[in-house]
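Okay, here's what each chain looks like letter by letter:
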Amino acid sequence: AAAASELVTGWCLFGLALLAILVFSWVYVRKYQSRRESEVVSTITAIFALAVALISSALLPVDIFLVSYMKNQNGTFKNWADANVSRQIEDTVLYGYYTLYSIILFCVFLWIPFVYFYYEEKEDDDGNTCSQIKTALKYTLGFIAVCVVLLLIGAFVPLDIPNKKNSTEWEKVKLLFEEFGSSHGLTALSFSISSLTVIGMLAAITYTAYGMSALPLNLIKGTTSAAYERLENTEDIEEVEQHLLRIKSKCRDGRPLSSKDRWTLHQLEEKLRTLRRRERHLESIEKSLWTKFCEALRPLKVVWGVVFIIVALLFTISLFLSNLDKALHSAGFDSGFIILGTNLTNPLNMLLPVLQTVFPLDYILITTIVMYFIFTSMAGIRNMGIWFFWIRLYKIRRGKTRPQALLFLCMILLLIVLHTSYMIYSLAPQYVMYGSQKYLVR
């Protein structure tokens, strides 16, 4: 009964978290997408991909919590967590990883590219839907081919082939299929995810690193107030009106205006109408309750900016010490720099075990760390935009972002999430591996 009650509570909390993630994804996409260029398929795809990224990032804290919650402080399993229940929970988490990572592969290599090319074809050609789908599928085949190649390499290229001098080529091929059958294709999925994680590392270096500095600085610096923008707009109106008076003064004696002056007069009148519309808009913003509420929160934003800078420095120091420990004390490149134990501890690796004594502070901190990397990545993409080397492809602006830019944003976030799981392990390897588990000494 106790086990059933705790499982029901856990599923209820999971459902609430899933609902909160879906609501946040919908609000975020609707907040930034262009009102004029919005399209149903691209909007649903962006919301779904963003939700998958957030759920995947939240799975690591859930995994740590579940493996830690099954044991008592003395190292014994709880009454409800017998061998069968603990095995089922571990299998459920494992299947959760496989399912989410498979969905990420599906989104990155098939669904998002197809929707992107479909929308591009819809903009370029106003033909029927069938021709747009065919063209989008034709371009998507390139991404599918890359995915198939990665899966085949991971499935049929063993890491360690037995060296038998008398083995035939057929026996070697048979060995490959036997290894593929014994692993049930998990090595193929693992290799594909590892390849995407390398790309995610490059995206994290580009966007997450920038967001870790841009987000706190923007909070400290703040944005231009509506009153200041309205003052600048009033000065522009006065300048345009003076220019209009100077041009109109040329025809006071009855002389007609030249074609150049008439064209300038028309342009200035259009600009004056635009500035007056902007003045009315700024006036409504200045009087709104939301603006007054944001101004009241200005000191709190400065405090959060300072806190984020300290957190970024803490992560930098922790990553440096953890990687230095691997470089000095691991078994080397052949073992993937695997290290047993900790020789050079870092601040986070020291802080998380201390917080374990007060439930649930350690889980709150590890969840905050994961969400911090996600939101700094989103801030970095939002501030930098989507770039291809030195060419800016799209900008991310509130209410003006094109559907293609939102699709790119979600794809980059999916790749960064894969790298975040590995980076969290480097931040606090002992805690992430074992959680708060205690073991009986035999």
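Just so it is clear, the structure is predicted and the values come from calculations on it, not from any experiment. Here the residue index of a chain counts from 1 through its sequence in written order. In view of the model being predicted, local features appear only for residues whose pLDDT reaches at least 70, and side-chain atom pairs are presented and counted only at 80 or more, with totals across whole chains, interfaces and linings using the full set of residues. By convention in this description, side-chain values take in all heavy atoms of the structure and omit both hydrogens and water.

Undergrad: Talk me through the packing of helix α11 (residues 347-355) against helix α12 (residues 361-384); I want residue IDs and the actual numbers.
TA: Packed helices, taken two at a time, are described by their axes: the angle between them and the distance between them. The geometry of α11 relative to α12 is characterised by a closest axis approach of 7 Å and an angle of 140° between their N-to-C directions. On the basis of the axis angle, α11 is oblique to α12. Across from Leu348, Leu351, Leu352 and Leu355 in α11, the residues of α12 making contact are Leu361, Asp362, Leu365, Ile366 and Ile369. Throughout this entry, Asp, Glu, Lys and Arg are counted as charged residues, while Ala, Val, Leu, Ile, Met, Phe, Trp, Tyr, Cys and Pro are counted as nonpolar. The remaining residues, Gly among them, count as polar. Residues belonging to the contact of α11 with α12 are distributed by class as follows: eight nonpolar, no polar and one charged. With axes taken as lines fitted to C-alpha atoms, and helix axes fitted only over the stretch in contact, angles between N-to-C directions fall between 0 and 180 degrees. Counting from the N terminus, the helices are DSSP H or I runs at least four residues long and the strands are E runs at least two residues long. With respect to orientation, any angle under 35 degrees is reported as roughly parallel, any angle over 145 as roughly antiparallel, any angle of 65 to 115 as roughly perpendicular, and every other angle as oblique. Only heavy atoms matter for contacts: two residues are in contact if any of them lie within 4.5 Å across the pair.

Undergrad: Give a description of the pattern of salt bridges that names residues and reports values.
TA: The rule for a salt bridge is simple: a side-chain nitrogen of Lys or Arg has to be within 4 Å of a carboxyl oxygen of Asp or Glu. A full pass over the atoms with the stated rule returns two salt bridges. Between Arg273 and Glu270 there is a salt bridge whose closest N-O contact spans 2.4 Å. Of the two residues, Arg273 and Glu270 both sit in helix α8 (residues 259-287), three residues apart, roughly one turn of that helix. Classification of residues uses two cut-offs on accessible area relative to the type maximum, computed with a 1.4 Å probe and protein chains only: under 20% is buried, over 50% is exposed, and between them is partly exposed. Residue classification places Arg273 among the partly exposed residues on the basis of a relative accessible area of 41%. Taking relative accessible area as the criterion, Glu270 reaches 35% and is therefore assigned partly exposed.

Undergrad: Can you lay out a positive patch on the surface for me, pointing to particular residues and giving the numbers?
TA: Patch membership is restricted to residues that have no salt bridge and whose relative accessible area is over 30%. Joining uses 9 Å for like charges and 5 Å for the nonpolar side chains Val, Leu, Ile, Met, Phe, Trp and Tyr. A 1.4 Å probe and the Shrake-Rupley method give the accessible areas. Residues count as covered only by the protein chains that appear here. Asp and Glu count as negative and Lys and Arg as positive, but His and the ends of the chain are not part of the count. Think of each charge as sitting on NZ of Lys, CZ of Arg, CG of Asp or CD of Glu. Together, Arg36, Arg392, Lys395, Arg397 and Lys400 give the surface a local cluster of positive charge. Mapped onto the elements of the fold, Arg397 is located in the loop between β2 (391-394) and α13 (403-427). You can call Arg397 partly exposed: its relative accessible area is 42%.

Undergrad: Hey, could you go over the pairing of β2 for me, with residue numbers and the actual values?
TA: Only when DSSP finds a minimum of two bridges between them are two strands counted as paired. For strand β1 (residues 386-388) and β2, the ladder comprises three bridges, and the chain directions are antiparallel. When the sheet's bridge partners are listed, Trp387 is paired in β2 with Arg392.

Undergrad: Explain the UniProt feature "transmembrane region" (unreviewed entry) in the chain residue by residue, including any values.
TA: UniProt positions are given in the numbering used here, feature names are shortened, and annotations may be inferred rather than shown by experiment. Mapped onto this numbering, the UniProt entry annotates "transmembrane region" (unreviewed entry) at residues 6-28, 40-60, 95-119, 139-159, 186-210, 302-321, 363-393 and 405-425. Helix makes up 100% of residues 186-210 and strand 0%, whereas the separation of the span's terminal C-alpha atoms amounts to 34 Å. A helix fraction of 71% and a strand fraction of 19% characterise residues 363-393, whose end C-alpha atoms lie 39 Å from each other.

Undergrad: Could you give me a rundown of helix α2 (residues 40-69), with the residues and numbers involved?
TA: Taking 1.5 Å per residue, 30 residues should reach 44 Å; α2 reaches 42 Å between its end C-alpha atoms and fits that length. Along its length, α2 shows its largest kink, about 25°, at Leu59, and proline Pro61 lies within four residues downstream of that point. A helix's residues, less one, multiplied by 1.5 Å, set its expected span. Across the chain, bend at a residue is computed as the angle between axes fitted to the seven residues ending at that point and the seven starting from it.

Undergrad: Which residues make up a nonpolar patch on the surface, and what values go with them?
TA: A contiguous nonpolar patch, built from Leu217, Ile220, Val302, Val306, Ile309, Ile310 and Leu313 and spanning about 560 Å² of accessible area, is present on the exposed surface. For the nonpolar patch, the secondary-structure elements that each account for two or more residues are α6 (186-221) and α10 (298-329). Per-element accounting of the nonpolar patch gives the leading share, five residues, to α10. Tracing the backbone through its elements, the reader meets Leu217 in helix α6.

Undergrad: Please give an account of the nonpolar core that cites residues and values.
TA: As used here, the term nonpolar core means buried Ala, Val, Leu, Ile, Met, Phe, Trp, Tyr and Cys residues forming a set that is joined through side-chain atoms within 4.5 Å. Judged by nonpolar contacts, the single largest core of 79 residues is most densely connected at Phe373, Leu414 and Ile424. Looking at which element gives the most residues to this core, the answer is α13, with 16 residues. Ile237, Val240, Leu268 and Leu272 belong to the second largest nonpolar core, which has nine residues in total.

Undergrad: Account for a negative patch on the surface, naming residues and giving values.
TA: A cluster of acidic side chains, namely Glu232, Glu235, Asp236, Glu238 and Glu239, defines a negative patch on the protein surface. Examined against the element boundaries, Glu238 turns out to sit in helix α7 (residues 226-248). Exposure remark for Glu238: the relative accessible area of 45% places this residue in the partly exposed category.

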